[in-house]
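Each chain, letter by letter, is given below.
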Amino acid sequence: MDEFNYLLALVLIMLFVTVFMDVISFFMIGKGSVTIEEYATDVLKWPKVVLLGIFAIVMLYYAFTTEATALTLVAELSSGVLLIADCIVSAIIKKKYGKKK
């Protein structure tokens with residue numbers, strides 16, 4: 001059972017890092033070092049957006065169906081909410097600016 005706990009911790013850390021990498025990308029867009037069109041066409045891909053949504057659903061599912069410590073519950077809920085927000089923002093950016101010229 002300890003292996004499962006370590007695996008869950010690694011997955012949670014990986015998902016938090018994914019969200020923070022996207023936030024850094026959004027700040028780079030806002031700063032002007034990268035245009036939003038370049039980001040939407042070259043960096044952001046639809047499979048990533050879909051996987052973000054799937055991982056968000058999985059995290060929220062585990063948060064509501066498993067018995068875990070309070071810290072794990074908070075980590076699962078917060079990563080699920082962050083992933084949903086990231087998925088929505090990424091989908092909007094990809095749909096609006098992701099058209100190749």
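Residues numbered from 1 in each chain as written. Predicted model: local features only at pLDDT ≥ 70, side-chain atom pairs only at ≥ 80, totals over all residues. Heavy atoms only, no water.

Could you give an account of the packing of helix α2 (residues 36–43) against helix α4 (residues 70–97), with specific residues and numbers?
Orientation of α2 relative to α4, taken along the N-to-C sense of each, is 100°, at an axis distance of 9 Å. Judged on the interaxial angle alone, α4 and α2 are roughly perpendicular. Counting all contacts with α2, which are made through I36, E37, Y39, A40 and T41, the residues of α4 involved are I93, K94 and Y97. (Axes fitted to C-alpha atoms, helices over the stretch in contact; angles between N-to-C directions. Helix = DSSP H or I, 4+ residues; strand = E, 2+ residues; numbered from the N terminus. Parallel < 35°, antiparallel > 145°, perpendicular 65-115°, else oblique. Contact = heavy atoms within 4.5 Å.)

I'd love a proper account of the pattern of salt bridges, names of residues and values included.
Applying the stated rule across the entire model yields one salt bridge. Of the charged contacts in the structure, one is a salt bridge between D22 and K48, with a shortest N-O distance of 2.5 Å. Of this pair, D22 sits in helix α1 (residues 2–31) while K48 sits in helix α3 (residues 46–65), and the two are 26 residues apart along the sequence. A relative accessible area of 4% means that D22 is categorised as buried. Here K48 falls in the partly exposed class, since its relative accessible area comes to 27%. (Salt bridge = Lys/Arg side-chain N within 4 Å of Asp/Glu carboxyl O. Buried < 20%, exposed > 50% of the residue type's maximum accessible area, 1.4 Å probe, protein only.)

If you had to explain the side chain of S79 to someone new, which residues and values would you point to?
Summarising the element assignment, S79 is placed in helix α4. Reaching out from S79, the side chain makes a polar contact with the backbone oxygen of E76 at a distance of 3.1 Å. Once residues lying within four places of it in the same chain are set aside, the contact partners of S79 are L12, F16 and M59. (Polar contact = N/O pair within 3.5 Å; in protein donor to acceptor, adjacent residues only side chain to side chain.)

Summarise the side chain of D86; cite the residues concerned and give the values.
Checked against the element boundaries, D86 lands in helix α4. We note that D86 is buried and unpaired, the nearest opposite charge coming from K48 at a distance of 5.2 Å. The contact partners of D86, leaving out residues within four places of it in the chain, are T18, V19, D22, F26 and L52. (Lys, Arg positive; Asp, Glu negative; His and termini not counted.)

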